[in-house]
Amino acid sequence: MQIEAHDPHHHPEGDLQDKGLSHNAVGLFGGTVLGISSVAPAYALTATIGILVAEAGTKMAVVIIAGFLPMFFAAYAYRELNKVAPDCGTSFTWTTKAFGPYIGWLGGWAAVLATVIVLSNLAGVAVQFFYQFVGDLFGSEQLAALWENKPVNVLTCLAFLAIATTVAYRGITTTERVQFFLVGFQMVVLLVFAATALVKAGSSPTGIPFSLDWFSPAGLTVSAFIAGLSGSIFAFWGWDTALTVNEETKDSDKTPGRAALLCVLSILLTYLLVAVATQMYAGVGTDGLGLGNEEIADNVFGALAEPVLGGPLHLFLFLAVLASSAASLITTFLPTSRTMLAMGTYKAFPTRFATVHPRFFTPSYSTVAAGVGAGLFYSILTFTSDNVLTDTIYSLGIMICFYYGLTAFACIWFFRRELFKNVQSFVFKFLFPLLGGLGLLGVFVVTIRDSASPDYGSGASIGGVGLVLILGLGLIVLGLVFMFIMRARQPEFFLGRTLRKDTPVLVVDEP
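Residues numbered from 1 in each chain as written. Predicted model: local features only at pLDDT ≥ 70, side-chain atom pairs only at ≥ 80, totals over all residues. Heavy atoms only, no water.

Novice: I tried to follow the packing of helix α3 (residues 60–84) against helix α11 (residues 255–282) on my own but got confused; where do I start?
Specialist: Each packed pair of helices is defined by two parameters, the angle between the axes and the distance between the axes. Relative orientation of the contacting elements α3 and α11 amounts to 175°, with a least axis distance of 9 Å. Compared by their axis directions, α3 and α11 come out roughly antiparallel. In this structure, α3 uses Met 60, Ala 61, Ile 64, Ile 65, Phe 68, Phe 72, Ala 75, Tyr 76, Arg 79 and Asn 82 to contact α11, whose residues at the interface are Pro 256, Gly 257, Leu 261, Val 264, Leu 265, Leu 268, Tyr 271, Leu 272, Ala 275 and Gln 279. Taken together, the residues of the contact of α3 with α11 sort by class into 16 nonpolar, three polar and one charged. (Axes fitted to C-alpha atoms, helices over the stretch in contact; angles between N-to-C directions. Helix = DSSP H or I, 4+ residues; strand = E, 2+ residues; numbered from the N terminus. Parallel < 35°, antiparallel > 145°, perpendicular 65-115°, else oblique. Contact = heavy atoms within 4.5 Å. Nonpolar A, V, L, I, M, F, W, Y, C, P; charged D, E, K, R; others polar.)

Novice: What is the right way to read the packing of aromatic side chains from this model?
Specialist: Two measures describe an aromatic ring pair: the distance that separates the ring centres and the angle between the ring planes. Overall, the coordinates contain 40 aromatic pairs when judged by the stated rule. Taking 5.5 Å as the distance between ring centres and 55° as the angle between the ring planes, the aromatic pair formed by Phe 420 and Phe 430 counts as tilted. Highlighted residues: Phe 420 in the loop between α15 (388–414) and α16 (423–451) and Phe 430 in helix α16, separated in sequence by 10 residues. In textbook terms, an aromatic cluster arises when at least three aromatic residues are bridged by ring pairs, as seen for Phe 68, Phe 72, Phe 73, Tyr 76, Phe 236, Tyr 271, Phe 428 and Phe 432. Over the aromatic face of Phe 428 sits the side chain of Arg 79, whose NZ or CZ is 4.7 Å from the ring centroid. In this arrangement the basic side chain of Lys 429 is found over the ring face of Phe 415, its NZ or CZ atom lying 4.7 Å from the centre. (Phe/Tyr/Trp six-rings, centres within 6.5 Å; stacked < 30°, edge-to-face > 60°. Lys NZ or Arg CZ within 6 Å of the ring centre and 35° of its normal.)

Novice: In this structure, what is going on with the nonpolar core? I would like to understand it.
Specialist: For soluble globular proteins, the rule of thumb is that nonpolar side chains tend to be buried together. Ranked by size, the top nonpolar core spans 167 residues in total, and within it Ile 64, Trp 105, Trp 239, Tyr 271, Phe 301, Tyr 403 and Tyr 404 carry the most contacts. Top contributing element to this core by residue count: helix α5 (residues 101–137), with 21 residues. Apart from residues no more than four positions distant in its own chain, Tyr 404 is found in contact with Met 71, Tyr 78, Trp 237, Gly 238, Trp 239, Asp 240 and Leu 440. In terms of nonpolar packing, the next biggest core, distinct from the first, is built from six residues, Ala 25, Leu 34, Ile 172 and Val 245 among them. (Core = buried A, V, L, I, M, F, W, Y, C linked by side-chain atoms within 4.5 Å. Buried < 20%, exposed > 50% of the residue type's maximum accessible area, 1.4 Å probe, protein only.)

Novice: Would you take a moment to explain unusual backbone geometry for this structure?
Specialist: A negative phi angle characterises most non-glycine residues, just as the trans form characterises most peptide bonds. The backbone of Lys 347 sits at a positive phi, close to 65°, despite the residue not being glycine. Examined against the element boundaries, Lys 347 turns out to sit in the loop between α13 (314–345) and α14 (364–384). Despite not being glycine, Phe 361 has its phi angle at roughly 55°, a positive value. Along the chain, Phe 361 falls in the loop between α13 and α14. Owing to a relative accessible area of 38%, Phe 361 belongs among the partly exposed residues under this scheme.

Written out as structure tokens, the structure is:
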């Protein structure tokens, strides 16, 4: 007779707590859409195509595939952990169960930090495209340039953050409905843009013919490959939102994992199509519309919209990036507020963070805290520096690799007693998480090594050390200080009383 430890309705870890979120509110399609929306394909593409071409030239496609692989493999680690412990704390909860409270706390801190920083960055991009759109619509260059005025920029950004906080606060079903529209719109516009660019590629002055060589890594240096890879990893980041709404999803042990994998695959296909079409139309030269031109690198769609789509249609591409940043702004509240909710529930954060709204069933205090944190971060940075947003994208890479990689290794350690039980366990609980974890660890180590140089990122440095390293590691170290304050004030979590470190029971064969 077999005794099976994995009854889907029975958690071997009986210490997981229901947080009071709404149940069965999100299906497979909804979860996939929330994941895609968090990744924000239109925003991610306009922000990273320039970085990818600057680092890898015509080899953009191969770097996109390379960035996809560690994310795809890490998604399996998330899927397996979610099957036995569907908890909205995801990375935080699972790394605590595998490695204990201190490493788990740092994993949760890095996840919260990354999302709060990216919220401010998304709002900043939304502001820029909003004014460009309005300026183009009314044919006014003054309006189009308003985003360069710092007080106007910050006030508009705070208004966008306030709207996004309100939508996220009002519940997962409101969020999901808004997302169906915003995600559908940006995907349709991206496909129309790619198709038009392919049709017009032959007649474009800077265009280049398609070549299979674009998919071969031959001729790329390791440093260029890794730098491009961190841009590509940033472009895929966010699919784990499909898993942070696991407590609100139908069949919470299966659906979120499937949604995450569907999300990563559909994003890969969209990116490859748009990247190849853009490269065939614009080429990679450094003049005119060439993607290697530094003047258009940080906003490729801003430069290509009119030449490719022409007349009033190009405004739809501006709107698509705006919709993309807005959509992502709203869904990025989901992982950060739910991680803070779990940290509050298990007493790793002050207990106020465990508050759930009685009518909307959302983490009300955590959602507002995330919005206020992002607003403060953005306001301070906008007035103190011109380059910090570039540097924060690079330093985000350090945090993303840190907590995704940590979760991939947590999966292997958590299931260590059953890794070689059968082929399925070996592939999904050991091999894929190992490949994902090692890929992310490699990017983490090389980025830390390279970013110590004062020339890295925007070239800003403090005391001869690159600002990217100071931001990326500095904020994680700041977490250590906060962690020890929490340990002094609320020791239960750190003593393993609220969330135990444990591993599932093995399947036992009895005669």
